[in-house]
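Secondary and tertiary structure notes
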Amino acid sequence: MTKTPDKTPNRRLSVAPMLDWTDRYCRYFHRLLSRHTLLYTEMLTTGALLHNEPARFLDFFPEEHPLALQLGGSNPDDLARCCMLAEEWGYDEVNLNLGCPSDRVQSGLFGACLMARPDRVAECISAMVEASSLPVTAKHRIGIDDLDSYDQLTTFVDKLSATGCLTFIVHARKAWLQGLSPKENREMPPLRYDMVYRLKQDFPDLEIIINGGILNLDQAEAHLAHVDGVMIGREAYQNPWMLADVDRRIFGSDNPAVSRHQAIEKLLPLVEHECHRGVPLKRITRHILGLFHGQPGAKKWRRYLSENAHLAGAGPETLRTALSLVPEIDDFH
């Protein structure tokens, strides 16, 4: 557990919570590429936190700050208890998932289906805000099924903001709760960035973050002319080097790493420590396979790690060997 810094996170750019992807090893690696990008946990359900050993889910490396915890749930008391745990553990923000469309999430009455129950969500947000001093934010779609008008969206945001939620992360696609898979819901409904821009115009005092289909920092900078922040999802995971110029371009400070090789050298002490504790190397290296995307030697890098990181005894030397297969380039000069 670490003490929460006494300030609100800067949300100009963040990496989305992604199930099975944004675990503590992924986040530690992303932090080596950007000091300022806001990072999110995978969505954690209230049941997982309250009915198991919470440390298993909540522990993180101190270097991960600024870091937000994303929760899935619809019981106000349970969400309030989880907010208290988040504050105890030292997170910087708590986010409520109102955008996931999967069947499993719907059956548990959380995620995107809650957009049809704004009164219930308002009760949840109110309980969360009262439970701790952490900022409480909401991540949601522009609509679901046939509840997709702009008026319905503004009614939803207005009701939640009245309970103390001042930051809204808006995935600029509606979700179809029946008939589309979660993957299709990330790709098929059309992107409506205009609705998110309009939301910022109509709620100038709220912090509006845009999410969905953002592939590079040029696009992120273009969005920042209209909204307060940008959240990037799969592209930041599959091509993580895009984060390496975020601090300079988005936050106006120096980049922490100047080359991909340097980033891996900074990762090696953690790899050595965790492997010594018995953590399999593949749990760490699965998050860095895309680091050399588009570079000479990228295929050799991916193949070597894919074929060797799962072997018994794999450790720092395995990673060093993989690195030796890729020519070193000073990426920013």
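Before reading on, note that the structure itself is shown above.
Let me sum up the structure you'll find in this document.

Digging into helix H7 (residues 150-161)
Helix length check: H7 (12 residues) gives 16 Å between terminal C-alpha atoms against 16 Å at 1.5 Å per residue, within 8%. Within H7 the residues assigned to the buried category are Tyr-150, Leu-153, Thr-154, Phe-156, Val-157, Leu-160 and Ser-161. One side of H7 holds all its buried residues, which, seen down the axis, span an arc of 155°. In the core, the buried residues of H7 are packed alongside strand S5 (93-98), helix H6 (118-131), strand S6 (136-141), strand S7 (167-171) and helix H9 (193-202).

Description of the packing of aromatic side chains
One pass over the full model with this rule turns up 5 aromatic pairs. Taking 4.8 Å as the distance between ring centres and 65° as the angle between the ring planes, the aromatic pair formed by Phe-292 and Trp-301 counts as edge-to-face. Like Phe-292, the residue Trp-301 is buried in the burial classification. Among the aromatic residues, those joined into a cluster by ring pairs are Tyr-25, Tyr-28 and Phe-61. Across from the ring centre of Phe-61, 4.1 Å away, lies the NZ or CZ of Arg-24, which sits over that ring.

Some thoughts on the packing of helix H1 (residues 24-33) against helix H13 (residues 260-276)
Between H1 and H13, whose axes approach to 9 Å, the crossing angle comes to 150°. On the basis of their axis angle, the class for H1 and H13 is roughly antiparallel. You can see that H1 and H13 cross each other, and the crossing is right-handed. Here Tyr-25, Tyr-28, Phe-29, Leu-32 and Leu-33 of H1 come into contact with H13, specifically with Ala-263, Ile-264, Lys-266, Leu-267, Leu-270 and Glu-274. When grouped by side-chain class, the residues that make up the contact of H1 with H13 number 9 nonpolar, no polar and 2 charged.

Rules used throughout
- Residues numbered from 1 in each chain as written.
- Predicted model: local features only at pLDDT ≥ 70, side-chain atom pairs only at ≥ 80, totals over all residues.
- Heavy atoms only, no water.
- Helix = DSSP H or I, 4+ residues; strand = E, 2+ residues; numbered from the N terminus.
- Expected span 1.5 Å × (residues − 1).
- Buried < 20%, exposed > 50% of the residue type's maximum accessible area, 1.4 Å probe, protein only.
- Arc of directions from axis to C-beta.
- Contact = heavy atoms within 4.5 Å.
- Phe/Tyr/Trp six-rings, centres within 6.5 Å; stacked < 30°, edge-to-face > 60°.
- Lys NZ or Arg CZ within 6 Å of the ring centre and 35° of its normal.
- Axes fitted to C-alpha atoms, helices over the stretch in contact; angles between N-to-C directions.
- Parallel < 35°, antiparallel > 145°, perpendicular 65-115°, else oblique.
- Left-handed = near helix turned anticlockwise from the far one by under 90°.
- Nonpolar A, V, L, I, M, F, W, Y, C, P; charged D, E, K, R; others polar.

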